[in-house]
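Spelled out, the chains give:
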Amino acid sequence: SWPFDADGPELLERRIRTGLWAFLPAGAWPVSDRAKSFVSSALAAQPERRPSAAAALNHGLCQPGTLDKQALRPLLRGADVVRSLRQLGVWCSIRLEIASAIGSHLSA
């Protein structure tokens, strides 16, 4: 289940503000301990325990080239899907233009 499960928006906000959330069950969260640590520190209930924006951006999780290649695979796959859909869109446009040109030629 999502760490912020709640029966309504008010309860959800209260849980986030008070820090009453967790990555449970642990096996349901296929992210690294480093990622969990980063999220947990950024969502600390006490503002003084949260990293500054600069510190958060300097965290290893936010630095280019520091992510595990396995972790990047879904992102790369997503980019492949987007690229393929764009190519498909271009191909569909070309087919429509060809069909329109043939239709114009045949009706002339």
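Treat the numbers as computed from the prediction; the structure is a model and nothing was measured.

1. Overview of the overall build of the protein chain
Next up, step 1: When its secondary structure is counted, the protein chain shows 4 helices and 0 strands.
Next up, step 2: Counted from the first residue to the last, the protein chain has its helices and strands arranged as α-α-α-α.
Next up, step 3: The burial tally for the protein chain puts 10% of its 108 residues in the buried class.
Next up, step 4: Taking as baseline every contact in the protein chain between residues at least 6 positions apart, the subset at least 24 positions apart corresponds to 31%.
Next up, step 5: Of the roughly 8600 Å² of accessible surface on the protein chain, 62% is carried by carbon and sulfur atoms.

2. A look at the pattern of salt bridges
Next up, step 1: Going through the model one piece at a time under the given rule, you end up with 1 salt bridge.
Next up, step 2: Here E13 ties to R17 by a salt bridge, and the two come within 2.9 Å at their closest N and O atoms. Linking E13 with R17, this pair stays in helix α1 (residues 9-18), spanning 4 residues, or about one helical turn.
Next up, step 3: Given the relative accessible area of 59%, R17 is considered exposed.

3. What to know about helix α2 (residues 33-42)
Next up, step 1: Buried residues of α2: A35, K36 and F38, and no others. The arc enclosing the buried residues of α2, seen along the axis, measures out at 160 degrees, which places them on a common side.
Next up, step 2: The inward-facing, buried residues of α2 contact α3 (53-58).

4. Brief notes about a nonpolar patch on the surface
Next up, step 1: Nonpolar side chains collect at one region of the surface, where V81, L85, L88, V90, W91, I94, I98, I102 and L106 lie side by side and expose about 860 Å² of accessible area between them.
Next up, step 2: For W91, the position within the fold is in helix α4 (residues 69-107).
Next up, step 3: On the basis of relative accessibility, which here comes to 47%, the residue W91 falls in the partly exposed class.

Reading the values: rules and limits
Residues numbered from 1 in each chain as written. Predicted model: local features only at pLDDT ≥ 70, side-chain atom pairs only at ≥ 80, totals over all residues. Heavy atoms only, no water. Helix = DSSP H or I, 4+ residues; strand = E, 2+ residues; numbered from the N terminus. Buried < 20%, exposed > 50% of the residue type's maximum accessible area, 1.4 Å probe, protein only. Contact = heavy atoms within 4.5 Å. Areas by Shrake-Rupley, 256 points an atom, 1.4 Å probe, with all protein chains shown as cover. Salt bridge = Lys/Arg side-chain N within 4 Å of Asp/Glu carboxyl O. Arc of directions from axis to C-beta. Patch = residues over 30% accessible without salt bridge, like charges linked within 9 Å, V, L, I, M, F, W, Y side chains within 5 Å.

Purely geometric stuff here, so don't read any function into it on its own.
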